[in-house]
Amino acid sequence: MKELPKAIDRSIEKKWQEFWEKNNVFTFVLDKKNNKKIFVIDSPPPFTSGNLHMGHVLSYSYFDFVAKYKKMSGWSVYFPQGWDCQGFPTEVEVEKKYGKKSPEEFRKLCIAWTEECIKNMKRQMISLGFCPDWNYEYKTMDKSYHRKVQLSVLRMYKNGQIYRASHPVFWCVTCQSALSKTDTEDIPRSTFLYTIVFDLEIQEKENIKRQIHIATTRPELLHAIVAVLYNPNDERYKEFRGKKLFAISPFGRKVPVYPDLDVDKEFGSGLVMVCTFGDKQDVIWVYRHNLEQIQSITKDGKLLNAGQFSGLPIGQAKEKIIEFLEKNNKIVKKEKIEQTIKIHDRCSTPLELLNSWQWFAKITDKPEKIISVAKKINWFPEFGIAHLINWANYVEWDWVISRQRVFGTPIPFWICKNCSNIVEPSEEELPVYPFGTTRKCPKCGSDAEGEVSVFDCWVDSSITPLIITKWEEDQEFFSRTYPTSLRPQGVEIVRTWAFYTIYRCYELTGIEPFKEILLNGNVLAPDGKKMSKSLGNIIEPDSLIEQYGPDAIRIWAALSGAMAKDRPFSYQDISFGKNFVNKLLNAGKFVYQAHLKFGKELSNNLKKEDLSSLRFIDKYYLTKFYYLVKKVEDYWANYEFHHIIKDISNFFWHEFCDYYIEFVKYRLYGQGDELKAKQASFVLFEIYSNTLLLLAPFIPFSSEEIWSVFKENENKSIFEESYPSSQNLSSLKFFTKEELEKYKIFEQIVDLIKKEKTAKGLKLTHPTAKLTIVCEEKTLEILKNFEQDILKTFNILEVEYLISKDLAVRIN
RNA sequence: GGGCCCGUGGUGGAAUGGCUAACACGUCUGCCUUACACGCAGAAGAUUCUGAGUUCGAUUCUCAGCGGGCCCACCA
């Protein structure tokens, strides 16, 4: 007999990865005859950081399970994989490495850098047994991708969904550049709160004038005041309600006074002056109340439109203005307070909100439309849609889709220097790279300059369902694959990725982009905290693959559940996975040896007739297995991976191994009944392994010798076979569920025997003369069916039954 | 401050309007029993966050409180 392996042979991983790739096992081919149902997975393109993180491993495992399950269930599965390349972190890394460069050169370096990152991430995916279809790989930095992004925006522009407008952005007056949130840092500082006297004009039958007090930390923005707000629930200002009011600033500016629930009654006098722009709340209020916008500060930090104070730097201006107000007795109070402000993380300059020209997509005008489209989608779990609804109703201003960066999809427009007319390209010439180019303005004939900004990266990623289905590229392919079947993604990006995708794809096609959305949570560090570099608690997939193997990692992922819930990484689960892999190898060895001992003649043609002559105990476990498969079908339908792995591993380990194999041993090693024992164990093991290989695709091949027996055709991928279903396993159902329940008493008796023997310090197979079973008459009838198996397995000579209501066993 | 999620043995986590609340890891006891010590057999360990309510009965449903997480906003 051949020496069987003591441990898992890890070299088989590589072999099978190559086999699947070479034989195009997971390659999607559009079936022109329309025979098979198509299942399309709109899988997330990971940001190309260079390494997968555990969150990727978790979620990519999920939809890899689904892809394989659907494939083995008779679907034609289309499972492409993309890469989200253009992002700020890449720019930071590349700049760190190469320093400042011209935009053209910088872009090239970013692309080269990203290609390297993709290489490594792809390697990691393959080593985890993920099987996306690499023939349809896409990158958001590709020209073909740029074309579709630009086309999609151009179409939306023509439909009036995209517009250019002035909008405040965070601006550093020292570096003179726009900043994104990631460039900013919050720091506490102490400052002074000045309470300033304003005049109030109440327009009634006769105009009434009086004074009001308004507190502010930024008197230097007084010239840019556009409104004064009060809380309508504030008793002090109840006389304001429903009246037409105006406030007049110490500089003589007259602005309206409105009620607003966001005003904090406790702060200052309960009245707020809205300036353009003191902070982000001002931006919200300006849009909400449709207020005027005044350019208050220049790009290099000097006051603008401020009368005698114009041209002064912010700091100086503040001093002078306070001086002026004090001289005129307009300041009634000055108190020290602590506040938090945003600064630029590189130069520590406090940020200003300055107006600049930006591009927008209209998302605020009809939230109910986006919500109704989202409602057509099946959400797993259901509460996920609440994030989207809440966001859609809450969002205060339109989506700013332009970014002042380099490594991004260029915005395909030119702006006329003379008349500000927007010059658009034709659809045929896309992609275009307007940066540094000019076109003639068709309206006035002047030069129009190419837009230098690029798109927000969500503009890129919000059309992945269109990209993978070949929208505006291959009409037949598109019509067969769109809408996609499943969008898997993180719960924390519902309001970005899911929201923008639903909005954009619906605007462009009139159809929702996917039928189902599956939300996963994040993987936390084992201590329950967020994984972060600073805490040093990051777990790298590579070291886990090395230490535990891909199957164990995938079992960990399945055990982590499908709900959109954060979970600490669990070494317990992954070591369970590893032990489980080993258990399966050993069970395989046992069945294989039994097979060799008996001979080969029955190996691959197990018929229903063979099964019908089985012993009672064989039928009992085969039936149990049938019901397991049936139950697991429902779990698959609801993406309940946790239950799937739990149930199939428990059945395998604690029913098949702990009970069935033990009860079958005496028959295989002894004499008389080998055939039936082998048949049943063989059937169970083979079908079982097929249920498992979606979750752990390498386990069933972990020993070549063993698997050569079970899987006859080396050249055929096991993924071509069909997934065990209750329908095609119906021949294994010998008993009804009720009967099965009744027969469970057998297991109780077995447990009692084990307990008894253990209590007496005996081995389970220690020779025993007599077993006495105390039970009811009904039970006796059932136990008769298992009697032989019990006696032989526990090495007992004879059995006697005593009829009683109690259940007990004795051993002599 | 707003929206959503969650609070179950030492740890991680299932499930259910009602039989002794899964399972895994860990712990303790005994076994290297002819597939497996990455194993086998047995055992201990839970007032299911707190309080009130609905109910014949709640861990499960409702409300309040306390605590944690995610996303958003954050003080003129």
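For the structure, see preceding data.
Basis of the calculations
- Residues numbered from 1 in each chain as written.
- Chains lettered and ligands numbered in written order.
- Predicted model: local features only at pLDDT ≥ 70, side-chain atom pairs only at ≥ 80, totals over all residues.
- Heavy atoms only, no water.
- Helix = DSSP H or I, 4+ residues; strand = E, 2+ residues; numbered from the N terminus.
- Rg over C-alpha atoms; globule rule 2.2 N^0.38 Å.
- Buried < 20%, exposed > 50% of the residue type's maximum accessible area, 1.4 Å probe, protein only.
- Contact = heavy atoms within 4.5 Å.
- Areas by Shrake-Rupley, 256 points an atom, 1.4 Å probe, with all protein chains shown as cover.
- Lys, Arg positive; Asp, Glu negative; His and termini not counted.
- Charge placed at Lys NZ, Arg CZ, Asp CG, Glu CD.
- Axes fitted to C-alpha atoms, helices over the stretch in contact; angles between N-to-C directions.
- Parallel < 35°, antiparallel > 145°, perpendicular 65-115°, else oblique.
- Nonpolar A, V, L, I, M, F, W, Y, C, P; charged D, E, K, R; others polar.
- Near = heavy atom within 4 Å.
- Polar contact = N/O pair within 3.5 Å; in protein donor to acceptor, adjacent residues only side chain to side chain.
- Core = buried A, V, L, I, M, F, W, Y, C linked by side-chain atoms within 4.5 Å.
- Phe/Tyr/Trp six-rings, centres within 6.5 Å; stacked < 30°, edge-to-face > 60°.
- Pairing = 2+ DSSP bridges.

The helix and strand inventory of chain A stands at 24 helices and 29 strands. Taking 2.2 N^0.38 as the reference for a compact globule, 812 residues should give roughly 28 Å; the C-alpha atoms of chain A span a radius of gyration of 36 Å, well beyond that estimate. Along the first, second and third principal axes, the C-alpha set of chain A runs to 110 × 60 × 50 Å. With 812 residues in all, chain A has 56% of them scored as buried. Of the contacts formed within chain A by residues at least 6 apart in sequence, a portion of 78% connects residues at least 24 apart. Within the structure as shown, chain A displays about 36500 Å² of accessible surface, and the carbon and sulfur contribution to it stands at 49%. With 113 positive and 108 negative side-chain charges, chain A shows a separation of 0 Å between the mean positions of the two kinds.

Taken N-terminus to C-terminus, the directions of helix H9 (residues 384-394) and helix H13 (residues 494-509) make an angle of 80°; their axes are 10 Å apart at the nearest point. Comparing their axes, H13 and H9 come out roughly perpendicular. Each of Gly-384, His-387, Leu-388, Trp-391 and Ala-392 in H9 lies in contact with H13, whose residues at this interface are Val-494, Arg-495, Ala-498, Phe-499 and Ile-502. Split into classes, the residues belonging to the contact of H9 with H13 amount to seven nonpolar, two polar and one charged.

The local shell around RNA strand B holds 53 residues, among which Gln-339, Arg-567, Trp-653, Tyr-669 and Thr-758 are the closest. Counting only atoms of RNA strand B within 4 Å of the protein, the fraction found in sugar and phosphate groups is 72%. Between RNA strand B and the protein, one listed contact pairs a sugar or linking oxygen with a side-chain N or O atom of Asp-566 at 3.3 Å. Contact between RNA strand B and Lys-583: a base oxygen at 2.9 Å from a side-chain N or O atom of the residue. A total of twelve residues in the surface near RNA strand B trace back to one element, the largest contributor, which is helix H19 (residues 641-669).

Here we take up the nonpolar core. Within the largest apolar cluster, 136 residues are counted, with the highest numbers of intra-cluster contacts made by Trp-556, Phe-625, Trp-636, Phe-641, Phe-656 and Phe-746. Counting residues in hydrophobic clusters, the runner-up holds 65 residues, among them Tyr-78, Ile-377, Phe-455 and Leu-466.

The next thing to look at is the packing of aromatic side chains. One pass over the full model with this rule turns up 60 aromatic pairs. Ring centres 3.9 Å apart and planes at 10° place the aromatic pair Phe-746 and Phe-786 in the stacked group. In this pair, Phe-746 is assigned in helix H23 (residues 745-759) and Phe-786 in helix H24 (residues 777-793), connecting sequence segments 40 residues apart. Across the pair, Phe-786 and Phe-746 agree in class, each one buried.

By definition, the strands of a sheet pair up through backbone hydrogen bonds, in either a parallel or an antiparallel sense. One open sheet accounts for three strands, arranged E15-E24-E23; its pairing is parallel. In this open sheet, the two strands that pair with only one neighbour each are strand E15 (378-380) and strand E23 (484-490). Strand after strand, the sheet turns through a mean of 15° between neighbouring axes, direction not considered. As judged from the three bridges shared by E15 and strand E24 (residues 514-520), these two strands associate in the parallel manner. Bridged to Trp-379 within E24 is Ile-517.

This next bit is on the packing of H19 against H24. Packing of H19 against H24 leaves a shortest axis separation of 9 Å and a crossing angle of 80°. On the basis of their axis angle, the class for H19 and H24 is roughly perpendicular. Here H19 contributes Glu-662, Phe-663, Tyr-666 and Arg-667 to the contact with H24, which in turn contributes Gln-788, Asp-789, Ile-790, Lys-792 and Thr-793.

Purely geometric numbers; function is a separate question.
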